[in-house]
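Fold and geometry: a report
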Amino acid sequence: MSASPLRTNEPLVIAVPKGRILDELRPLMRGVGLEPEPAFDDPRHRGLRFATNLPNVEIIRVRSFDVATFVAFGAAHLGVAGNDVLMEFDYPEIYAPLDLRIGPCRLAVAEPIDLSETDDPARWSHIRIATKYPEITRRHFAARGVQAECIKLNGAMELAPSLGLCRRIVDLVSSGSTLQANGLREIEHIAHVTSRLIVNRAALKTRPEELGGWVSAFREVVDAA
Ligand code: PRP
């Protein structure tokens with residue numbers, strides 16, 4: 001994949017994820033002196049590209065998986081993405097220099113509680129799994145010789161076992177209440193997940209001082225927290 005040509009006079013574009021992570025990210029943004037225009041916080045506003053208090057710095061707000069794609073293709077210079085997303089795509093164009101230590105959760109395998117009482121994962125040779133993370137899931141099981149047939153869903157994975165789509169899922173678990181509410185139990189841990197500051201590698205070469213400055217500023221704020 002070739003990144004788009006990044007010129008130094010272009011506005012710097014920072015991609016942030018929609019949803020829960022954004023609430024934890026806002027204090028860090030404030031800490032580095034980055035304030036989006038008021039429309040960013042207006043739920044009725046339909047724009048997705050926002051000016052900030054800093055000249056020549058813009059923010060885009062997209063789905064967490066898409067943050068990585070915008071940064072990998074050079075459409076955004078900087079972004080915030082979980083290591084779940086980075087592991088799933090494994091984009092060589094993305095450099096992830098800093099763990100922001102926000103959004104902690106885990107990627108796990110889960111199955112119905114009644115099944116988990118008799119199931120023995122050591123005996124699996126082929127399993128069907130509903131997940132947003134087919135690549136991570138295949139790799140995780142292939143490492144121990146289990147073939148994982150993945151059904152890609154984009155959300156609400158927890159519904160799949162009760163409706164007979166498959167018996168197991170791989171999904172993010174934070175408090176565990178979504179699993180519990182759907183009669184599921186976590187049976188295997190795959191990875192610890194937090195959000196990372198990510199940078200397009202080509203942009204880092206063409207705008208090293210500017211992007212290096214942002215990484216240092218976020219690092220100071222994270223270290224001080
Ligand atoms: C995530 C995840 C689980 C839930 C886990 O979904 O996919 O469904 O949170 O959190 P818990 O362990 O605290 O219950 P999210 O709400 O982010 O929405 P999504 O389904 O669109 O990914």
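Residues numbered from 1 in each chain as written. Predicted model: local features only at pLDDT ≥ 70, side-chain atom pairs only at ≥ 80, totals over all residues. Heavy atoms only, no water.

What follows covers the pairing of strand E3 (residues 57-62). The buried fraction of E3 is high, at six of six residues. Neither face of E3 is exposed, since Val57, Ile59 and Arg61 on one face and Glu58, Ile60 and Val62 on the opposite face are all buried. Where strand E1 (residues 12-17) and E3 come together, six bridges link them in parallel fashion. In the strand pairing of E3, Ala15 is matched with Ile60. As defined by bridge partners, strand E2 (residues 49-51) adjoins E3 across three bridges and the pair is classed as antiparallel. Bridging across to E3, Arg49 finds its partner in Ile60. Counting the residues in the hairpin turn of E2 and E3 gives five residues, including Asn56, whose phi is positive at 70 degrees. (Buried < 20%, exposed > 50% of the residue type's maximum accessible area, 1.4 Å probe, protein only. Helix = DSSP H or I, 4+ residues; strand = E, 2+ residues; numbered from the N terminus. Pairing = 2+ DSSP bridges.)

Another aspect to go through is helix H5 (residues 134-142). Burial in H5 covers these residues: Pro134, Ile136, Thr137 and Phe141. For H5, the buried positions fall inside an angular range of 165 degrees around the axis, keeping them on one side. In this structure, the buried side of H5 is in contact with helix H3 (83-89), strand E6 (105-112), strand E7 (126-131), strand E8 (147-152), strand E9 (168-173) and strand E10 (184-193). (Arc of directions from axis to C-beta. Contact = heavy atoms within 4.5 Å.)

A few words now on the site of the ligand. Around the ligand sit 13 residues, and of these Arg20, Ser174, Ser175, Gly176 and Thr178 come closest. Here an oxygen atom of the ligand sits 2.8 Å away from a polar atom, N or O, in the main chain of Ser174. Residue Ser177 places a side-chain N or O atom 3.5 Å away from an oxygen atom belonging to the ligand. Protein burial of the ligand: of its 500 Å² of free accessible surface, 69% is covered by the chains. (Near = heavy atom within 4 Å. Polar contact = N/O pair within 3.5 Å; in protein donor to acceptor, adjacent residues only side chain to side chain. Areas by Shrake-Rupley, 256 points an atom, 1.4 Å probe, with all protein chains shown as cover.)

Here the idea is simple: oppositely charged side chains can pair when their charged atoms come close. In total, this model carries 14 salt bridges according to the counting rule given. In this structure, Arg44 engages Asp42 in a salt bridge whose closest nitrogen and oxygen atoms are separated by 3.3 Å. Here Asp42 falls in the partly exposed class, since its relative accessible area comes to 23%. A salt bridge links Arg49 to Glu58; the nearest nitrogen and oxygen atoms lie 2.5 Å apart. Connected through salt bridges with shared partners, the residues Arg26, Arg30, Glu35 and Asp41 form a single ionic network. (Salt bridge = Lys/Arg side-chain N within 4 Å of Asp/Glu carboxyl O.)

Note that all results are geometric; they support no functional claim without further evidence.
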